[in-house]
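In case you want the letters, here they are:
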Amino acid sequence: RDARVLPVKFDAQGERYRVFQEAVSMMSADELPGGFGLEGPRTLLPLLKSVVQQGGSPELSHMEWICNSAVPSGDRAVYEDEALCL
């Protein structure tokens, strides 16, 4: 099994689909052969769990960041955050 990929799930129309909260609940931070390759704590899983606990999704997290930040709507940072979150 590839530790980087969750099993594929299909909806009633035969499209690949998995609810974000379900996907996060299936994730784990497994030890990798040869180590992780970066120093410091692994933060993605705690971040995603926090998004779920706040009742959100990547899309809502991005929209909240736009509303709460002082970054102008046309700023490159908005597009970068969108690319990372969505």
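Digging into the overall build of the protein
Here is step 1: Regarding its fold elements, the protein presents four helices and zero strands.
Here is step 2: When the helices and strands of the protein are placed in sequence order, the string is α-α-α-α.
Here is step 3: Since a compact globule built from 86 residues should have a radius of gyration of about 12 Å, the 16 Å found for the protein marks it as more spread out than a globular shape.
Here is step 4: Expressed as lengths along the three principal axes of its C-alpha atoms, the size of the protein is roughly 45 × 45 × 25 Å.
Here is step 5: Counting across all 86 residues of the protein, residues that qualify as buried make up 15%.
Here is step 6: The long-range share in the protein, meaning contacts at least 24 apart out of those at least 6 apart in sequence, stands at 28%.
Here is step 7: Carbon and sulfur atoms make up 56% of the accessible area of the protein, which totals about 7,000 Å².
Here is step 8: Computing the positive centroid from 8 side-chain charges and the negative centroid from 13, the protein places the two 8 Å apart.

Describing a nonpolar patch on the surface
Here is step 1: Residues Leu32, Phe36 and Leu38 make up a contiguous nonpolar surface patch of roughly 290 Å² in combined accessible area.
Here is step 2: Relative to the helices and strands, leucine 32 is located in the loop between helix 1 (20–26) and helix 2 (44–53).
Here is step 3: According to the relative accessible area criterion, leucine 32 is partly exposed, its value standing at 36%.

About the cut-offs
Residues numbered from 1 in each chain as written. Predicted model: local features only at pLDDT ≥ 70, side-chain atom pairs only at ≥ 80, totals over all residues. Heavy atoms only, no water. Helix = DSSP H or I, 4+ residues; strand = E, 2+ residues; numbered from the N terminus. Rg over C-alpha atoms; globule rule 2.2 N^0.38 Å. Buried < 20%, exposed > 50% of the residue type's maximum accessible area, 1.4 Å probe, protein only. Contact = heavy atoms within 4.5 Å. Areas by Shrake-Rupley, 256 points an atom, 1.4 Å probe, with all protein chains shown as cover. Lys, Arg positive; Asp, Glu negative; His and termini not counted. Charge placed at Lys NZ, Arg CZ, Asp CG, Glu CD. Patch = residues over 30% accessible without salt bridge, like charges linked within 9 Å, V, L, I, M, F, W, Y side chains within 5 Å. Salt bridge = Lys/Arg side-chain N within 4 Å of Asp/Glu carboxyl O.

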